[in-house]
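Now for the letters of each chain:
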Protein chains: 2
Amino acid sequence: MLSRIDLMHFYEKYSPGIMASSEQDTSKSGSSSGSNGPLAKLIIQQCLSARLQVKPPSDDEEAAYVEVERGIVVYVCFLKGASKATVEKMVKTVLTIRLSEKDTKLASVSDLPGNVLIVPQATLGGKAKGKMMQYHSNIAKDQGLELYTLFCHMCQTGLSSKGPSQEAGTTVKNGTYGNRQVLSIVTNGPFTHIFEF
Amino acid sequence: MLSRIDLMHFYEKYSPGIMASSEQDTSKSGSSSGSNGPLAKLIIQQCLSARLQVKPPSDDEEAAYVEVERGIVVYVCFLKGASKATVEKMVKTVLTIRLSEKDTKLASVSDLPGNVLIVPQATLGGKAKGKMMQYHSNIAKDQGLELYTLFCHMCQTGLSSKGPSQEAGTTVKNGTYGNRQVLSIVTNGPFTHIFEF
């Protein structure tokens, strides 16, 4: 088990240092960052159930977890230049893309209806250099937290605005940005998909 | 639970139809396929344990599974133009890239030493078109099976050729190509990384 200091140490690996603020204006609506790379990455896996730690154990308290039943696990990473407009595209994809089996067809998580577990995963922004990964494209931590918070909120409101989902008691749960994501997942086939925005 | 016919139905979604044989010469050593896209994709997640179905249940027999303890789960997808040379690069990355925590540093799965669970995952080749995924870049099934078999074999021999791994009893296990990958994974943080070749 790593200590909190170790956790911060690990987290710092996945976040670049101080960046020019002009690069980090999250209010801009354009999707171009001036570079050719993506602004954000998602991985979506189907799950029968999944459990994620949202608070590590401390001297005083046990660890806290969130759990979802059938639905999708969404790993999220924001890169430099990501904006509110990027988040809107991502949320639309998460809620409408047809990846889940329903009878003999494929349905979106909204139509299933299914649950959503959002896992912040800064490591998706890594690029191999020799035997090590580098994370130079990752967004600064404070900007990433802002977009992540918006992403979770929009998934929540987007899913609950769909009639059947709310009636069926489906939920959106999410991990704590910057924490180690202690995750367990049970699938009947993850059908893993990668998305870039 | 889907029947075997349904499984084949799903699998066919992730594999293109008949292709020009010149595109599919796996003996060529060059990495260029004439298109700009990648030739293969990998996702690597850290695990404390993972379990994968390698044979679905039948009327006569129960399902068969493989399991690994601490190490990595490697999701593999081959795209059009992938060759033996692509596989060699992929295996080198899997065995040498430093993603696993060892004391306060990062180590490769060979140095950990850890186990490897290989999961064929044709869905990684998908691209969103509207609300549906398309898999036009995926390699033909027979070629994919050939490269997948080579990939598993090279991971096996590569890991066991490293001294500490063999002594520590680490193993490489793999899913059945073309099957539904019924997978469960327990992590202390998946630290998910995406690789393109």
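Residues numbered from 1 in each chain as written. Chains lettered and ligands numbered in written order. Predicted model: local features only at pLDDT ≥ 70, side-chain atom pairs only at ≥ 80, totals over all residues. Heavy atoms only, no water.

Caption draft 1: The arrangement of the sheet that holds strand β10 (residues 172–174) of chain A in detail. Residues and elements named next belong to chain A. Read from one edge to the other, the open sheet built from 5 strands follows the order β10-β7-β4-β1-β12, with strand pairing classed as mixed. In this open sheet, the two edge strands, each paired with only one partner strand, are β10 and β12 (193–196). For this sheet, the mean angle separating the axes of adjacent strands, direction not counted, is 20°. Where helix α2 (residues 84–96) meets the sheet, its contacts fall on β1 (40–47), β4 (71–78) and β12, and the angle it forms with β1 comes to roughly 20°. (Pairing = 2+ DSSP bridges. Helix = DSSP H or I, 4+ residues; strand = E, 2+ residues; numbered from the N terminus. Axes fitted to C-alpha atoms, helices over the stretch in contact; angles between N-to-C directions. Contact = heavy atoms within 4.5 Å.)

Caption draft 2: Summary view of the pairing of strand β11 (residues 183–186) of chain A. Of the two faces of β11 of chain A, the one holding Leu183 and Ile185 of chain A is buried and the one holding Ser184 and Val186 of chain A is not buried anywhere. Direction of pairing for strand β2 (residues 49–55) of chain A relative to β11 of chain A: antiparallel, over a ladder of 4 bridges. Bridging across to β11 of chain A, serine 49 of chain A finds its partner in valine 186 of chain A. Bridge count between β11 of chain A and strand β11 (residues 183–186) of chain B: 3 bridges; the pairing is antiparallel. Its bridge partner lying in β11 of chain B, isoleucine 185 of chain A is registered against isoleucine 185 of chain B. (Buried < 20%, exposed > 50% of the residue type's maximum accessible area, 1.4 Å probe, protein only.)

Caption draft 3: A look at the relation of the copies chain A and chain B. Its rotation angle being 180°, the transformation that places chain A on chain B also includes 0.0 Å of axial translation and leaves an RMSD of 0.0 Å. Each copy turns onto its partner about a two-fold axis. In terms of C-alpha distance to the rotation axis, chain A has isoleucine 185 of chain A as its closest residue, with the C-alpha 2.7 Å off the axis. Both copies present the same face, since 98% of the interface residues in chain A are matched by interface residues at the equivalent positions in chain B. (Least-squares fit on C-alpha atoms with pLDDT ≥ 70 in both.)

Caption draft 4: Highlighting the side chain of glutamine 53 of chain A. All names here are of chain A. Within the secondary structure, glutamine 53 is located in strand β2. Using a relative accessible area of 8% as the deciding quantity, one classes glutamine 53 as buried. Within the structure, the side chain of glutamine 53 is placed 3.3 Å from the side chain of tyrosine 65, a separation counted as a polar contact. Excluding its chain neighbours within four sequence positions, the residues that come into contact with glutamine 53 are Ala63, Ala64, Tyr65, Arg180, Gln181 and Val182. (Polar contact = N/O pair within 3.5 Å; in protein donor to acceptor, adjacent residues only side chain to side chain.)

Caption draft 5: The arrangement of helix α3 (residues 141–161) of chain B in detail. All names here are of chain B. A rise of 1.5 Å per residue sets the reference length of α3, with its 21 residues, at 30 Å; its end C-alpha atoms lie 30 Å apart and thus fit the reference within 8%. Among the residues of α3, Gln143, Gly144, Leu147, Tyr148, Phe151, Cys152, Cys155, Gly158 and Leu159 are the ones counted as buried. Taken down its axis, α3 places every buried residue within 165° of arc, on the same side. Summarising the geometry of α3, the exposed residues directed more than 90 degrees from the buried face are Asp142 and Ser161. (Expected span 1.5 Å × (residues − 1). Arc of directions from axis to C-beta.)

Caption draft 6: Representation of the pattern of salt bridges within the structure. Applying the stated rule across the entire model yields 6 salt bridges over all chains. With a shortest N-O distance of 2.6 Å, lysine 55 of chain A and glutamate 61 of chain A are connected by a salt bridge. Note that lysine 41 of chain B and glutamate 196 of chain B form a salt bridge whose closest N and O atoms lie 3.9 Å from each other. Of the two residues, lysine 41 of chain B sits in strand β1 (residues 40–47) while glutamate 196 of chain B sits in strand β12 (residues 193–196), which places them 155 residues apart along the sequence. Classification of lysine 41 of chain B by relative accessible area gives buried; the value is 11%. (Salt bridge = Lys/Arg side-chain N within 4 Å of Asp/Glu carboxyl O.)

Caption draft 7: Structural view of the packing of helix α2 (residues 84–96) of chain B against α3 of chain B. Residues and elements named next belong to chain B. Here α2 crosses α3 at 40°, and the two axes come no closer than 9 Å. Classified by the interaxial angle, the pair formed by α2 and α3 is oblique. As α2 runs across α3, the sense of the crossing is right-handed. Within the contact between the two elements, α2 uses Lys84, Val87, Glu88, Met90, Val91, Val94 and Leu95 and α3 uses Leu147, Leu150, Phe151, Met154, Cys155, Gly158 and Leu159. For the contact of α2 with α3, the residue count by class is 11 nonpolar, 1 polar and 2 charged. (Parallel < 35°, antiparallel > 145°, perpendicular 65-115°, else oblique. Left-handed = near helix turned anticlockwise from the far one by under 90°. Nonpolar A, V, L, I, M, F, W, Y, C, P; charged D, E, K, R; others polar.)

Caption draft 8: Structural detail: unusual backbone geometry. The linkage connecting leucine 112 of chain A with the following residue, proline 113 of chain A, adopts the cis geometry, with an omega of -15°. Topologically, proline 113 of chain A is positioned in the loop between β6 (105–107) and β7 (115–120). Look at aspartate 103 of chain B: it is not a glycine, yet its phi comes out positive at around 55°. Along the polypeptide, aspartate 103 of chain B turns up in the loop between β5 (100–102) and β6 (105–107). Backbone geometry at phenylalanine 191 of chain B places phi at a positive 45°, although glycine is not the residue there. With respect to the helices, strands and loops of the structure, phenylalanine 191 of chain B is situated in the loop between β11 and β12.

Caption draft 9: Highlighting the packing of aromatic side chains. Residues and elements named next belong to chain B. Enumeration over the complete set of coordinates arrives at 3 aromatic pairs over all chains. Here phenylalanine 78 and phenylalanine 151 contribute two aromatic rings whose centre-to-centre distance is 6.5 Å and whose plane-to-plane angle is 80°, an arrangement assigned as edge-to-face. Of this pair, phenylalanine 78 sits in strand β4 (residues 71–78) while phenylalanine 151 sits in helix α3, and the two are 73 residues apart along the sequence. Across this residue pair, the class does not change: phenylalanine 78 and phenylalanine 151 are buried. Ring geometry for tyrosine 148 against tyrosine 177: centres 5.5 Å apart, planes inclined by 40°, an arrangement best described as tilted. You can see tyrosine 148 sitting in helix α3 and its partner tyrosine 177 sitting in the loop between β10 (172–174) and β11, a full 29 residues away along the chain. For tyrosine 148, a relative accessible area of 3% corresponds to the buried category. Over the ring of tyrosine 65 we find arginine 51; its NZ or CZ atom is 3.7 Å from the centre of that ring. (Phe/Tyr/Trp six-rings, centres within 6.5 Å; stacked < 30°, edge-to-face > 60°. Lys NZ or Arg CZ within 6 Å of the ring centre and 35° of its normal.)

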